[in-house]
Amino acid sequence: MDEILEVLEKDARISPQELARLLRRQPEQVKKAVKGFEKQGIIVGYKTIINRELLQDNNNFVSALIEVRVTPQKDVGFDKIAERIYSFPEVKSCYLLSGTYDLLILIEGRSIHTVSDFVAEKLASLEHVRRTTTHFLLKRYKEDGVILKRKRENKRIAISY
Amino acid sequence: MKKSLSKTVQELQPSGIREFFDLVLGMKDVISLGVGEPDFTTPWVIREAGIYALEQGFTSYTSNKGLYKLRLGISRYLNSRFNLKYNPEEEILITTGVSEAMDLALRAVVNPGDEVIIPLPCYVAYGPLTILAGGLPRYIKTQLRQGFKLKPEDLERAITKRTKAVILNYPGNPTGVSYTNKELADFKRIILKHKILCITDEIYGDLSYDFAHIPFASLSGAGQFSLYLNGFSKAYAMTGWRIGYACGCKDVISAMTKIHQYTMLCAPIMSQLAAYEALVSGKKAMDEMKREYQRRREYVYEELKRIGFEMVKPQGAFYFFISTKNTGLAGLNFARKLLKEQNVAVVPGDAFGSDYKDFVRLSYCADLDKLKEAIARIEKFLRRKQ
């Protein structure tokens, strides 16, 4: 993996100038490389990781992981039905898995009802969906590699040889 | 009370900057570029092994030399990485950090009045440890304009009939300067000619950025004149675990073990088990940290250059040793004022040799956001001063 990606994956806010300095490359070169990654779809977006547990209005927010068993279709396998499912804006993530079920999707909604309505009305009623199992998410510990518990202050002594 | 203290201890140079250290420790919200240890916490795989060791009840002594499996692991690692061959039975000793290893080494080889050559600027402990072992430190100054590198002719000139050993620390604290194969070969020629021991502190060896690190002991023919010291503290961010090791000829290692068994007995067993895990599965985390240091080095170097500091671009470790001459302030004053006015801590150069009053050591063991803020504050400090 290019070191540009290693740095950006940790901190997307870093400017091309700073990135160039860190990696001892030219800013133009770095900009070009980043553009290239974006074009190829290797970099698909830049976003902020929010710890929703600390938000005041967190009461209006629930997530659920849903296991979905589907019937694969001729020629297109799972892709077509996956596309129909992940196109719903409520679906935040969608993966095809090996094992006892096929698709794992992450749903976000304002309440248990919105999520269960979505499952009952939109998801389970889809033609090739055979079965769904919904797991409501109780607590997030780590998100995209970031531990959500606030770090304790560094206890290192401030000066040493 | 003073009468009851040993003369040797009384005569040890008190650290002139102790007072400055106390000042730093008494302040809050300091951005510290004054630390000599990684800002990273020990990688989880290693910590987990330490916890598991405690859970399993590993709370006893180990053999004086250290756990055999750790010695074997070190022997294999050195063989595969540097083609260095040490028998884990009698040529490797596990110590509580390289600090202890250095102390043992000097006490094992120095007779009263023997000289030990120490290039400056250097880590604070070498001189005092030499004196405590009954030896006389023979310092060689190196200059900024020569890249803080020891010149072979200066080494040869410093050797007398009483010279027992030379201490080489590369990549070095406080300069980050390291030596290439060719430079080491020049030292080897002199060391072999005069038959003195070369004690190398290679604790920063894994943190070499510009060229491959080469242990002095791996040069052909250097084996019996070398004592290789290394440990886990810096590269694996394991300073608090206190695990180092010494590798060398059977005679020296066995002499060191004799002292070690009476003074330290053994290194903590849970730390030894964690260190073993570092060898087995810590490489990925270590490489990641190394790349991070390397990026910070590039960043800080360009910034310090832009501000107008004179320095050598370090080839390893995580320090810059920068001249404060252009600021019109001596190092200690620079450090004191920077701390008071901008809450940024650096270490005055005097700590690493009395001739380095116009320097400060700045370590980049802080994340990039902190480094940026610290550099902005240093700039502000210099602008206000004008």
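What counts as what
Residues numbered from 1 in each chain as written. Chains lettered and ligands numbered in written order. Predicted model: local features only at pLDDT ≥ 70, side-chain atom pairs only at ≥ 80, totals over all residues. Heavy atoms only, no water. 1 Å grid on protein atoms, 1.4 Å probe; cavity = no way out; pocket = protein on both sides within 12 Å on 5 of 7 lines; lining within 4 Å. Points joined across faces, edges and corners; volume = space filled by probe spheres on them. Helix = DSSP H or I, 4+ residues; strand = E, 2+ residues; numbered from the N terminus. Nonpolar A, V, L, I, M, F, W, Y, C, P; charged D, E, K, R; others polar. Domains from an automatic or database assignment. Contact = heavy atoms within 4.5 Å. Buried area = accessible area lost by both parts, 1.4 Å probe. Salt bridge = Lys/Arg side-chain N within 4 Å of Asp/Glu carboxyl O. Polar contact = N/O pair within 3.5 Å; in protein donor to acceptor, adjacent residues only side chain to side chain. Core = buried A, V, L, I, M, F, W, Y, C linked by side-chain atoms within 4.5 Å. Buried < 20%, exposed > 50% of the residue type's maximum accessible area, 1.4 Å probe, protein only. Phe/Tyr/Trp six-rings, centres within 6.5 Å; stacked < 30°, edge-to-face > 60°.

Observations concerning empty space enclosed by the protein
The gaps of empty space that remain are located by a probe, the size of a water molecule, rolled over the atoms. All names here are of chain B. Counted by the stated rule, this structure contains two cavities of 30 Å³ or more. Put simply, the largest cavity is a space of about 190 Å³. Mapped by element, the contributors of at least two residues to the lining of the largest cavity are strand S3 (115-120) and strand S5 (163-169). When its residues are assigned to classes, the lining of the largest cavity shows 14 nonpolar, five polar and no charged. Lining the second largest cavity are Tyr77, Glu202, Ile203, Gly205, Asp206, Asn230, Gly231, Phe232, Ala235, Tyr236, Tyr245 and Leu279. For the lining of the second largest cavity, the residue count by class is seven nonpolar, three polar and two charged.

Thoughts on the layout of surface pockets
Residues and elements named next belong to chain B. The volume enclosed by the second largest pocket comes to roughly 740 Å³. Along the walls of the second largest pocket sit 26 residues, with Gln13, Val124, Pro128, Asp350 and Ala351 positioned nearest its centre. Of the residues forming the lining of the second largest pocket, the biggest block, four residues, is contributed by helix H6 (residues 126-132). When residues of the lining of the second largest pocket are assigned to domains, at least three fall in each of domain 1 (2-41 + 284-385) and domain 2 (44-281).

With respect to the interface of chain A and chain B
Think of interface size as the accessible area that goes away when the parts come together; that is how it is often given. Each side of the interface is counted separately: chain A has 18 residues, and chain B has 38 residues. For the pair chain A and chain B, the summed buried area comes to about 2,300 Å², and 54% of that belongs to carbon and sulfur atoms. Its largest share of buried area at the contact with chain B, chain A owes to Arg21(A), Ile159(A) and Tyr161(A), together 40% of the area lost on that side. One can count nine salt bridges joining chain A with chain B. For Lys372(B), the salt bridge is made with Glu18(A), and the minimal N-O distance between the two is 3.0 Å. Scanning the region where chain A abuts chain B turns up 14 residue pairs in polar contact (both at pLDDT 80 or more). Elements represented by at least two residues in the side of chain A that touches chain B include exactly helix H1 (3-10) and helix H2 (16-23) of chain A. Counted by class, the side of chain A that touches chain B contains eight nonpolar, two polar and eight charged residues.

Comments concerning the nonpolar core
All names here are of chain B. The biggest cluster of nonpolar side chains holds 97 residues, and the ones touching the most others in it are Ile199 and Phe334. Discounting chain neighbours no more than four positions away, the residues touching Ile199 are Met102, Ala105, Leu106, Ala165, Val166, Ile167, Leu168, Leu227 and Leu229. In this structure, Ile46, Ala53, Leu67 and Tyr77 belong to the second largest nonpolar core, which totals 30 residues.

Quick word on the environment of Gly248(B)
Residue and element names in this part refer to chain B. Take Gly248: it is sitting in strand S8 (residues 244-248). Looking at Gly248, the relative accessible area reads 5%, which means it is buried. Separated by 163 residues in the primary sequence, Gly248 and Lys85 have C-alpha atoms spaced 9.6 Å apart. Excluding residues that lie within four positions of it along the chain, Gly248 makes contacts with Tyr86, Glu91, Ser226, Leu227 and Ile253.

Regarding the packing of aromatic side chains
Residue and element names in this part refer to chain B. For the structure on display, the rule yields 26 aromatic pairs over all chains. With centroids separated by 5.5 Å and ring planes inclined at 75°, the aromatic side chains of Phe40 and Tyr293 adopt a geometry described as edge-to-face. Remark: Tyr293 occurs in helix H11 (residues 283-307) and Phe40 occurs in the loop between strand S1 (31-32) and helix H3 (44-55); sequence separation between them is 253 residues. Consider the rings of Phe309 and Phe334, whose centres lie 6.0 Å apart with planes at 85°: the pair is edge-to-face.

Examining the domain arrangement of chain B
Residues and elements named next belong to chain B. Along its sequence, chain B is carved into domain 1 (2-41 + 284-385) and domain 2 (44-281). The centre of domain 1, based on its C-alpha atoms, is set 24 Å off from the matching centre of domain 2. Each side of the interface is counted separately: domain 1 has 34 residues, and domain 2 has 35 residues. Between domain 1 and domain 2, the buried area comes to about 3,000 Å², and carbon and sulfur atoms account for 66% of it. In terms of surface lost to domain 2, no three residues of domain 1 exceed Met286, Gln315 and Tyr356, which account for 22% of the buried area on that side. Residue Lys141 pairs with Asp355 through a salt bridge whose shortest N-O separation is 3.5 Å. Here domain 1 and domain 2 share 15 residue pairs in polar contact (both at pLDDT 80 or more) between them.

Focus on unusual backbone geometry
All names here are of chain B. Pro121 follows Leu120 through a cis peptide bond whose omega is -5°. Position of Pro121 relative to the elements: it lies in the loop between S3 and H6. That bond from Tyr170 to Pro171 is cis: its omega, -15°, falls within 30 degrees of zero. One can find Pro171 in the loop between S5 and helix H8 (181-194). Residues other than glycine seldom take positive phi values, yet Asn83 does so here, at roughly 60°. In this fold, Asn83 is placed in the loop between helix H4 (68-82) and strand S2 (92-95).

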